[in-house]
Structure formats: C-alpha cells, structure tokens
Amino acid sequence: MGMIDSLRRAFGGQTQTRTAAWARPKTGNGKRSLPVSGNVPFASAAWGASRLIGQVEAARVDRFGASWVGTPTTPDEQVRIYGRILIARSRDMAINDPYMRGFVRRCRANIIGHGVKLRCLAKKQNGKEDTRLNAAVLASWLDWCKSRNCDVTGREGFVRLCLTVTSALAVDGEAFVHIVHDGPYGIQLQHIDAVRCPHDYDVDEPGKQTYVRAGIEYDRRDRPIAYYFLSDESHGSYYGLEGQPYIRIPAENICHLFRKEQAGQKRGFAWAAASLYRLKNLKEFEDNSAINARVGAAKMGIMSWDEDAGPERPDDDRTISITAEAGTFVELPSGARLDKWDPAFPDQAFGPFIKSGLRAAAAGMGVEYNGLANDLEGVNFSSIRAGMLDERELWKEEQHLIIEQLIEPVFYQFIRNALLRGMVRDDGGYVVPATKLETVLRATSFHPRRWDWVDPKSDVVANQKAMDALIKSPQQVIRERGQNPEDVLDDWSSWMKACEARGIPKELLQVAWGEQVKAAVTDGGDATEGNEE
C-alpha cells in the first residue's frame, strides 16, 4: 500500500473510491451521466500519475530506481565529499592496475610526447619576417626550458615537468604549478601535490568580499584570488594533520590545471573516475581467477573415510601421503576413498567478460579499446582508423588544456622577465628590447605533437593532392605533423650545403629526390642556360 498511499497524498489526500463512469446509471437519452464535480476519480488519478511517470523512464520512482540518486548535488559538494576519495583510489589503481597505468602512459605520450614546440613569426614594419628577433626568442626559450633554469629543484626540464603534470591530470584530475620568481631568468616552476590544497577548507564570512571554497579564495565574481596549501615544513607523507598551518599563494603565481565540465566547478576530478569502479572489479576478478587457475593446475585429491573407519580422534596426527609414479598402483587403507577435486574455472566466458568490462572502461576514459587493452584481434584498417580519429580529437582537446592553462601563462611571465633582464638574445649578440613584448606575444604560438596515420603513404598522397588543388599549403602540412616549417627549410638548406661542401654531384641528388623533383630541376636548369645564351 505504500505506492497507493503516496499517490493519494499526491492528489489531495483522497481516500474514498468514486464510482467509475461506466458504472453510473444512464440518463434519459441513453447516455451515462458525467460527474458534476471537478474531482477526478481516484482510479483515474492513479492511472494518470503512472502515465506521467512512465513518460520519463529515467525519472521513475519505483523499487527498481530506489538506489539511484534523486537529488542533484553541486560541484562544490561533490568535491568536498568525494575529492580525496577519488584521488586516493585513482592513485592506487595507477600503481597496481596495468590498464590504468597504461592509460596514464598513453596520456603522457599523446598529449606531450617529446614536447610542445614554440613558434615565433614576428614581422618588421615593412612586412618582412624579423628573423633575428624570432631566433632570439626561440633560443632564450629553449635555454630556459633546461632543468637548471626551469625547475626549482634543478632536476626536471620543462618537457619533463609537463609530462609530470599530465600524469597528475590523468590520475588526480588536476595539477598545481607554482611560479617562483627566482633563477637566472627570474622565473622557475614548482609542481605542488594536489592533495595539499584541501578539498574541505571552506570559509564564507558574512559581509566579506571574498570567500574560500575547496582551498581556493575567490571574489564575488568567482575569480580566483589566492590558493591555500597545507604547509609541508615537516616533509611528511600525510597531509591531513590537524592544526597544520596553511600557505597562501596569490592566484597570479599559480597555474591550476583541470578539465572543467560543470558550471561552477572549482576543482578537477580524476579523468578515469567513471571507470575506476569497473577497473577495480575487473582487477579483483582477474586476481581471483588467476588464483583459481593456479589451484586448478595443481591437481589434488581429497581423502574421505567410510563410517567406522579412519583416525580414532580428530587430533590424530597420522597422515597418508601418496606419491604418484608412472606404471604404479597405490593401495588405500581399509575404508578410505580418494575423491578427485578439479576446479574448472576460469572457463570460456572469462575472455568475453574481460573484453566487455574493458570496453566500458575505455569509453569512460575516452580512449580506444584496442589500445587500452592491447588487443588487436579482429582489427582491420577501417575500424582502427575510425577509432584513432575519435581518440586523437580528444587528445587535441587535452593538448589545448595544457597549452592554455600552463604553457601560455608560463611563457608570458618568462618573456616579460627575460626582456626586462636583457636575456632575450641570439647567438650573434642581438638583444631584443623590452618594448617588443606585445610584438612577441602576438607572434608566438605553440604546436603540440601530431601523429602519423595507419597508412602513411595514403596520407602523403592526400596531402599532395590537397596542395595541388591549393586547399593546403606546405607549411600547413608540416605543422599538422607537429613540425616547424622553418626548421624543415633550415634542415634542407644545411643538407644541401653539406652535400655541396663534400662534392656530391647534383645528378646524384636529383636521383634521390625522385622523378618529379628531378624533372623540375632539369627544366629550370635548361631554361636558365637558354636565358644566359
């Protein structure tokens, strides 16, 4: 009667059963009378309510959805309740689960790889490229990226630090990088553990223009002002000690990286949060299956006794040991029986079950199943290419996150300090003046890694046709491959000069270039000779 009572309360507390329309007496014209009041009969009300509930299946309130959450929570509440738990469980899986560890390595390799390339294409007032300025900016940036200048500890260069930050994003869902104004260039970086920014530190005093949520201080427009970190003066491994002091760092000196997926979200969640529970169950299932398989591989038998046979006392230490040899028969004692114990699990359903679980886990992580599970069985060119295209779009999204929330803010402070210190210079001694700050900022861009296709030949042919049709430029093709067009031209120029210095004949180089380039060079040479004549 629980459901009936709920419907009665929902429709005004009606408890009396009305007469249905089909049971009412007919009027003089042969038609049944209609109810005079506006009240709906209870049976009709219950039927209408069930119809209304059934129209939105996901919002049904019945015994099948009793365990399903029905009250929405804000991102702040989710962070306060689940933030530390998610980080703890995600870190545990990243260490002990091979699939989770493989996911973290895939994030590092595809988001950062060998590093994000800086490109500076500043131009002079006459429209020509300012090669000296561009070379000076690139040289100073590469020098700062070395471990002795970039890291406060002097251990990691900028590329390695970005890889560490990417691991933190994949496992913890967020990362904090402290910009310290120190070192030769006036800027160094310190990666801070996300757990040191407490998820449950909230302060909201009436009348104050700022408030603190999850360890971050905001103004009333939700703009970050400062970050609070637990003091690590004791160098302890546990950050939850009560009474431990906080360190307040202004927001302009903190790069807080996280993937924002909800309005008002202030902290990040583990990237594999939707897959952690499934991965944990799969790991336990595989571990138990492996133990069961080991037990099954070691064939054993159980000795049982007939009634009035066997040891006289339960604590009798007499044991029977049987050693099997080829071509021998063993005689058991009177009243003893040997029963075979042969556990057959895991059976044929083991593999499909693991595949099904890993497919769901891969979907939650946003990666391809074949790569996560290291399973290329049944894969063809079309299917793996389609899966790689979707996955690479997600990698590009995360690359943009790293560039926008870490690399660009760091570069802005680096170039500003370096210009003021007169440290942006090329190998020839040219020093870029500090007045060129805005010019440099407008002319710089960052290019993350790109990937080769499954069939590189088809990709090259498609790019060649696109250039012939004037849809793409050679520079665009080179950038899509993660390279700098200027670097490619410099390599070609140095290669040609090196060949010429070593006396390599031009005809030999034409053969190496291929038929089309050979024909173009030959035609150009003939035309030149004709003009000279």
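Residues numbered from 1 in each chain as written. Predicted model: local features only at pLDDT ≥ 70, side-chain atom pairs only at ≥ 80, totals over all residues. Heavy atoms only, no water.

### What to know about the pairing of strand E2 (residues 174–180)
Next, step 1: Taken across its seven residues, E2 has six buried, putting it largely inside the fold.
Next, step 2: Inspection of the sheet shows E2 paired to strand E8 (residues 254–258) by five bridges, in the antiparallel sense. Counterpart to Glu 174 in the pairing with E8 is Phe 258.
Next, step 3: Pairing geometry for E2 and strand E3 (residues 188–192), over five bridges, is antiparallel. Looking at E3, one finds that Ile 179 is bridged to Leu 189. (Buried < 20%, exposed > 50% of the residue type's maximum accessible area, 1.4 Å probe, protein only. Helix = DSSP H or I, 4+ residues; strand = E, 2+ residues; numbered from the N terminus. Pairing = 2+ DSSP bridges.)

### Things to note about helix H15 (residues 485–501)
For an α-helix, the turn length of 3.6 residues means that residues three or four places apart are oriented alike.
Next, step 1: For H15, which comprises 17 residues, the first-to-last C-alpha distance of 24 Å matches the rise-based estimate of 24 Å (1.5 Å per residue) to within 8%.
Next, step 2: Those residues of H15 that sit buried are Pro 485, Val 488 and Cys 499. Around the axis of H15, the buried residues are gathered within 65° of arc, so they sit on the same side. In H15, the exposed residues that point more than 90 degrees away from the buried face are Lys 497 and Ala 501. (Expected span 1.5 Å × (residues − 1). Arc of directions from axis to C-beta.)

### As for the confidence of the model for the protein chain
Note that predicted coordinates carrying low pLDDT should not be read in detail.
Next, step 1: Summary statistics for the protein chain give a mean pLDDT of 80 and a share of 76% for residues scoring 70 or more.
Next, step 2: pLDDT under 50 marks residues 237–241. Its contacts with residues more than four places away, or in other chains, come to six contacts.
Next, step 3: Considering only residues more than four positions removed or in separate chains, one finds that residues 525–533, a stretch of pLDDT under 50, has zero contacts. (pLDDT = per-residue confidence, 0-100. Contact = heavy atoms within 4.5 Å.)

### Some points on the nonpolar core
Next, step 1: Judged by nonpolar contacts, the single largest core of 71 residues is most densely connected at Phe 103, Trp 144 and Phe 158.
Next, step 2: Ranked by the residues each element gives to this core, the list is headed by helix H11 (residues 381–420), at twelve residues.
Next, step 3: Each residue touching Trp 144, except ones within four places of it in the same chain, is listed here: Asn 149, Cys 150, Phe 158, Tyr 185, Ile 187, Leu 189, Val 410 and Phe 414.
Next, step 4: Formed by twelve residues, the second largest nonpolar core is a distinct cluster that contains Phe 176, Ala 194, Phe 229 and Ala 251. (Core = buried A, V, L, I, M, F, W, Y, C linked by side-chain atoms within 4.5 Å.)

### Focus: a nonpolar patch on the surface
Next, step 1: Side chains of Ile 81, Tyr 82 and Ile 85 sit close together on the surface and give an oily, nonpolar patch of about 300 Å² of accessible area.
Next, step 2: Considering the arrangement of structural elements, one finds Tyr 82 in helix H3 (residues 75–96).
Next, step 3: Since its relative accessible area comes to 46%, Tyr 82 is described here as partly exposed. (Patch = residues over 30% accessible without salt bridge, like charges linked within 9 Å, V, L, I, M, F, W, Y side chains within 5 Å. Areas by Shrake-Rupley, 256 points an atom, 1.4 Å probe, with all protein chains shown as cover. Salt bridge = Lys/Arg side-chain N within 4 Å of Asp/Glu carboxyl O.)

### Things to note about the sheet that holds E8
Next, step 1: Strand order across the open sheet formed by three strands is E3-E2-E8, with antiparallel pairing between neighbours. Each edge of the open sheet is held by one strand with a lone partner, namely E3 and E8. In this sheet, adjacent strand axes meet at a mean angle of 25° when their direction is disregarded.
Next, step 2: Against the sheet, helix H7 (residues 158–172) contacts E2, E3 and E8, and its axis sits at roughly 145° relative to E2. (Axes fitted to C-alpha atoms, helices over the stretch in contact; angles between N-to-C directions.)

### Section: H7
Next, step 1: With 15 residues, H7 should reach 21 Å at 1.5 Å per residue; the first-to-last C-alpha distance of 20 Å fits that figure.
Next, step 2: With respect to burial, H7 is a largely interior element, twelve of its 15 residues being buried.
Next, step 3: Every buried residue of H7 is accounted for by Phe 158, Leu 161, Cys 162, Leu 163, Val 165, Thr 166, Ser 167, Ala 168, Leu 169, Ala 170, Val 171 and Asp 172.
Next, step 4: Positive backbone phi, at 90°, marks Gly 173, one or two positions downstream of H7.

### Section: the packing of H7 against H11
Next, step 1: At a minimum axis separation of 12 Å, H7 and H11 run at an interaxial angle of 140°. For the element pair H7 / H11, the angle class is oblique. Considering the relative orientation of H7 and H11, their crossing is right-handed. Side by side, H7 and H11 meet where Phe 158, Cys 162, Val 165, Thr 166 and Leu 169 of the first sit next to Leu 401, Ile 402, Leu 406, Ile 407 and Val 410 of the second.
Next, step 2: Each residue belonging to the contact of H7 with H11 can be placed in one class, and the counts come to nine nonpolar, one polar and no charged. (Parallel < 35°, antiparallel > 145°, perpendicular 65-115°, else oblique. Left-handed = near helix turned anticlockwise from the far one by under 90°. Nonpolar A, V, L, I, M, F, W, Y, C, P; charged D, E, K, R; others polar.)

### Thoughts on the packing of aromatic side chains
Next, step 1: For the structure on display, the rule yields 17 aromatic pairs.
Next, step 2: The interplanar angle of 75° and the centroid separation of 5.5 Å between the aromatic rings of Trp 141 and Phe 158 together place this pair among those described as edge-to-face. Here Trp 141, found in helix H5 (residues 131–144), pairs with Phe 158, found in helix H7; they are 17 residues apart in sequence, far enough to count as distant.
Next, step 3: Assessed through its relative accessible area of 3%, Trp 141 is described here as buried.
Next, step 4: You can call Phe 158 buried: its relative accessible area is 5%.
Next, step 5: Aromatic pair Trp 144 and Phe 158: ring centres 5.5 Å apart, planes at 50°, arrangement tilted. Residue Trp 144 is located in helix H5, and its partner Phe 158 is located in helix H7; the two are separated by 14 residues in the primary sequence.
Next, step 6: Here Lys 266 stacks its cationic end above the ring of Tyr 218, 5.5 Å away from the centre of that ring. (Phe/Tyr/Trp six-rings, centres within 6.5 Å; stacked < 30°, edge-to-face > 60°. Lys NZ or Arg CZ within 6 Å of the ring centre and 35° of its normal.)

### Some words on the pairing of strand E5 (residues 216–219)
Next, step 1: Residues Ile 216 and Tyr 218 point to one face of E5 and Glu 217 and Asp 219 to the other, with burial holding for every one of them.
Next, step 2: The antiparallel pairing of strand E4 (residues 210–213) with E5 creates a hairpin that spans two residues between the two strands, and Ala 214 there sits at a positive phi of about 55°.
Next, step 3: The pairing of E5 with strand E6 (residues 224–230) spans three bridges and is classified as antiparallel. For Tyr 218, the partnering residue across the bridge sits in E6 and is Pro 224.
Next, step 4: Where E5 hands over to E6, the hairpin turn is made up of four residues, of which Asp 222 adopts a positive phi near 65°.

### Notes on the environment of Phe 158
Next, step 1: Taking C-alpha positions, Phe 158 is 4.8 Å from Cys 145, a pair spaced 13 residues apart along the chain.
Next, step 2: Setting aside anything within four residues of it in sequence, one finds Phe 158 in contact with Trp 141, Trp 144, Cys 145, Cys 150, Leu 189, Ile 407 and Val 410.

### Structural notes on unusual backbone geometry
The phi angle of most residues is negative, glycine excepted, and most peptide bonds adopt the trans form.
Next, step 1: Phi angles above zero are rare outside glycine, and Asn 374 is one such case at about 55°.
Next, step 2: Mapped onto the elements, Asn 374 comes out in the loop between helix H10 (369–372) and H11.
Next, step 3: Backbone geometry places Leu 470, a non-glycine residue, at a positive phi of 60°.
Next, step 4: Structurally, Leu 470 is set in the loop between helix H13 (456–468) and helix H14 (474–480).
Next, step 5: In this structure Leu 470 comes out as exposed when scored by relative accessible area, which is 76%.

### Notes on the side chain of His 199
Next, step 1: With respect to the element layout, His 199 can be found in the loop between E3 and E4.
Next, step 2: Here His 199 falls in the buried class, since its relative accessible area comes to 3%.
Next, step 3: Those residues in contact with His 199 that sit more than four places away from it in its chain are Val 79, Arg 80, Gly 83, Arg 84, Ile 87, Glu 174, Ala 194, Ala 214 and Arg 267.

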